[in-house]
Amino acid sequence: MRTARQIADRVQVIRARNQQRDSNYMKLIAIRKGDYETVAPGMFPATEFDKPLVANLIDTTARDLAEVMAPLPSFNCTSANLSNAADQERQDKRACIANDYVQTSRLQDQMFQGADRFGSFGFMAYIVEPDFIEKMPVIRVGDVATAFYTKDYRGRTTEYGEVFRAPCEQIAADHPEAEQHLKHKFANAGGYQGQSVEIVRFYDHKGNKHLVMLDPCVELVKIESKPGLDFCPVRVVERPNVTGTVAGQFDDVIWVQVARALVQMYTMNALQQSVEAPLAVPDDVNEIEFGPFAVLQSKNPGQIGRVNLNLQPGLFPEAQILAQEQRTGSRYPEGRSGSIDASIITGQGVQALMGTFDTQVQTFQRLNASALEDVIGMCFKMDEAYWGSVKKSRRIKDNGSPRKYEYVPSKDIDGDYTVDVSYGAIAGLDPNRGLVFVLQALAGGLIAKSTARKSLPVDLNVVAEERQIQLEGMDDAIHAAMAQLPLAIPMMATQGADPRELVLQISEVRKLVSKGKTPAEAMEIVFAPKEVEQAPVDPMQEAMAAAQGGAGMMPQGGGGASELLMSLAGMTPGGNANLQSTVSRQQPI
């Protein structure tokens, strides 16, 4: 385990290595804030305009991309090869646990900032930390732009650090155990209120978390460790690159944004000078009045006017060229902002214009799905290591419906750290085109209805929705049956049957429905089978049946004779009743 001094020395080495990267990050943050003076000092006089006169396309693009990429995928632990109901129940519980990690961490809320950092800085980090109040691991998205990390040849994080300066009050709120260190350190200054310190959160490959104070002095504030955790609880998602250096999407267009702001400022200055151009008058004008409806007396009034200061014709085209260059460098299509230079355009044309935007979203979703599989696996391992024998009762939102479940990590996880993370069939597509794709695939018989429901960009309970659809179909069938019943009345009348009972039954169903019963309940009450009274039995026939039944009784015990009684009832040609009975007896040989 590293000491505080070793961690501080490691931070200094990595800071020197990432100096250029961190400088680019700080410039990007300044541009997104609208602080052009920090990026290009002296080029924007503060006396002219307090704020830039051009839209911040970098900030707009970054926010739009983040909002599209932020939605989370689905987390499932089901498998098609489950052997019995117990295995299915166990995998369903593991899926509940995985979704509980995500919901307790409020990961969806963090993803908007995380997706923004992926596009702006070229990477984002998922950090798994134990929550001793909830007694379960939680996922945090790294929020420090200048964070550093090291990965092995398989892409696994071996160390990760976040260096930041924060007020002591915030450090004490985030880490209550650090409050005593702060009180002791600033005892001579009258307390730590109003003071700030530089802190590094450092995670190593053994699962240890170090909180080290770097300024005003190097001191270990806190350490968290758990035997058995042999991995760094951080998963980094990197933007693909071939240069070997992590770069954001907007590093190359920072100066294009600066140039656009300069051109806009020059254009406004030229317009101002043109409007405020000097007034030229003939020699015979001795007095000049200023203000509304001013009068100038001259023998040559045609020579009175403003000096014509022609605007440079290249200003306006240059502004458009720079804007197009910035969109190209940012991979942000013009159609995304709703301005397409065409009167009529086909769907394929829109798709072509939006192609670069969709591929960015699809690339991130594939990388993020792989990363989240590793992150949930880390959560399973940490839950099992810290609270393996603790029985937990949890509540989650399962596909739109609340659900309560209980689990014991050592029993229900039991070393199985796998999870299936998927964005579904509409990965990389906007909701409108995704819905069209799902409907076309469903109509073509390529996917099942359950798969189509899971792929919809809405939060719903797939099982409950399918059951409700089935019930609605049955209700429609009941309504159709009720509508068809009156059509049978004319046929009943022609056949001599009495249709009054059917009419009364239909009226009774309507009364019950008006009183709040469902059509199914009303029909069940009205059309319930009625008990039929049995006709009295003729004593002579009863005696004959008893005699025949007594003669045909099978003797008790095995190996006895078996008898077969056959009776045939009919009528003679004269119209009299005729009953014939035959007894067949078989004896074993």
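See the structure printed just above.
In this text the structure is predicted, and so the values were computed from the model without any measurement.

Visitor: Tell me about the environment of arginine 2, and name the residues and values.
Guide: Following the sequence through the fold, arginine 2 ends up in the segment before α1 (4-17). Put simply, arginine 2 and asparagine 208 are 206 residues apart on the chain and 9.5 Å apart in space, counted from C-alpha to C-alpha. When sequence neighbours within four positions are dropped, the list of residues in contact with arginine 2 reads Ile7, Arg10, Glu159, Phe202 and His210. A distance of 3.4 Å separates a polar atom in the side chain of arginine 2 from a polar atom in the side chain of glutamate 159.

Visitor: Give me the pairing of strand β8 (residues 219-224): which residues, what numbers.
Guide: With five bridges connecting them, strand β7 (residues 209-215) and β8 associate as antiparallel partners. Bridging across to β8, methionine 213 finds its partner in glutamate 219. Counting the residues between successive antiparallel strands, the hairpin from β7 to β8 contains three residues.

Visitor: Outline the sheet that holds strand β2 (residues 123-131), listing residues and values.
Guide: Across the sheet, which stays open at both edges, the three strands sit in the order β3-β2-β9 with antiparallel pairing between neighbours. The two strands at the open ends of the sheet, each matched to only one other strand, are β3 (136-141) and β9 (234-238). For this sheet, the mean angle separating the axes of adjacent strands, direction not counted, is 20 degrees.

Visitor: Account for the side chain of aspartate 116, with residues named and values stated.
Guide: As for its position among the elements, aspartate 116 is in helix α6 (residues 107-121). Assessed through its relative accessible area of 15%, aspartate 116 is described here as buried. Ignoring anything within four residues of it in the chain, the contact list for aspartate 116 reads Arg32, Ala62 and Ala66.

Visitor: I'd love a proper account of the environment of leucine 442, names of residues and values included.
Guide: Among the secondary structure elements, leucine 442 is positioned in helix α14 (residues 431-443). Judged by its relative accessible area of 29%, leucine 442 falls in the partly exposed class. For leucine 442 and alanine 452, which are ten residues apart along the polypeptide, the C-alpha to C-alpha distance reads 7.0 Å. Dropping the residues within four chain positions of it, leucine 442 is found in contact with Ile447, Ala448, Lys449 and Ala452.

Visitor: With reference to specific residues and values, describe the pattern of salt bridges.
Guide: For the structure shown, the criterion picks out 26 salt bridges. Here glutamate 134 ties to arginine 394 by a salt bridge, and the two come within 3.0 Å at their closest N and O atoms. Taken as a pair, glutamate 134 in the loop between β2 and β3 and arginine 394 in strand β12 (residues 392-398) lie far apart in primary sequence, 260 residues in all. We classify glutamate 134 as partly exposed; its relative accessible area is 35%. For aspartate 152, the salt bridge is made with arginine 156, and the minimal N-O distance between the two is 2.9 Å. On the accessibility criterion, aspartate 152 (24% relative accessible area) is partly exposed.

Visitor: Just give me the short version of the sheet that holds strand β6 (residues 196-203), but keep the residues and values in it.
Guide: Reading across the sheet, the five strands line up as β4-β5-β6-β7-β8 and stay open at both edges, with antiparallel pairing between neighbours. On the outer flanks of this sheet lie β4 (148-151) and β8, each paired with one strand and no other. Adjacent strand axes in the sheet meet at a mean angle of 15 degrees when their direction is disregarded. For β4 and strand β5 (residues 157-167), the ladder comprises four bridges, and the chain directions are antiparallel. Each bridged residue has a counterpart across the sheet, and for threonine 150 the counterpart in β5 is glutamate 159. α1 contacts β4, β5, β6, β7 and β8 of the sheet and is inclined by roughly 70 degrees relative to β7.

Visitor: So what's going on with helix α2 (residues 19-33)? Residues and values would help.
Guide: Compared with an ideal rise of 1.5 Å per residue, which puts 15 residues at 21 Å, α2 spans 21 Å between its outermost C-alpha atoms and is within 8% of the ideal. Among the residues of α2, Arg21, Asp22, Tyr25, Leu28, Ala30, Ile31 and Arg32 are the ones counted as buried. On its buried face, α2 sits against α3 (36-39), α4 (57-69), α6, β2 and α9 (254-275). Two residues or fewer past α2, glycine 34 is found with a positive phi of approximately 85 degrees.

What counts as what
- Residues numbered from 1 in each chain as written.
- Predicted model: local features only at pLDDT ≥ 70, side-chain atom pairs only at ≥ 80, totals over all residues.
- Heavy atoms only, no water.
- Helix = DSSP H or I, 4+ residues; strand = E, 2+ residues; numbered from the N terminus.
- Contact = heavy atoms within 4.5 Å.
- Polar contact = N/O pair within 3.5 Å; in protein donor to acceptor, adjacent residues only side chain to side chain.
- Pairing = 2+ DSSP bridges.
- Axes fitted to C-alpha atoms, helices over the stretch in contact; angles between N-to-C directions.
- Buried < 20%, exposed > 50% of the residue type's maximum accessible area, 1.4 Å probe, protein only.
- Salt bridge = Lys/Arg side-chain N within 4 Å of Asp/Glu carboxyl O.
- Expected span 1.5 Å × (residues − 1).

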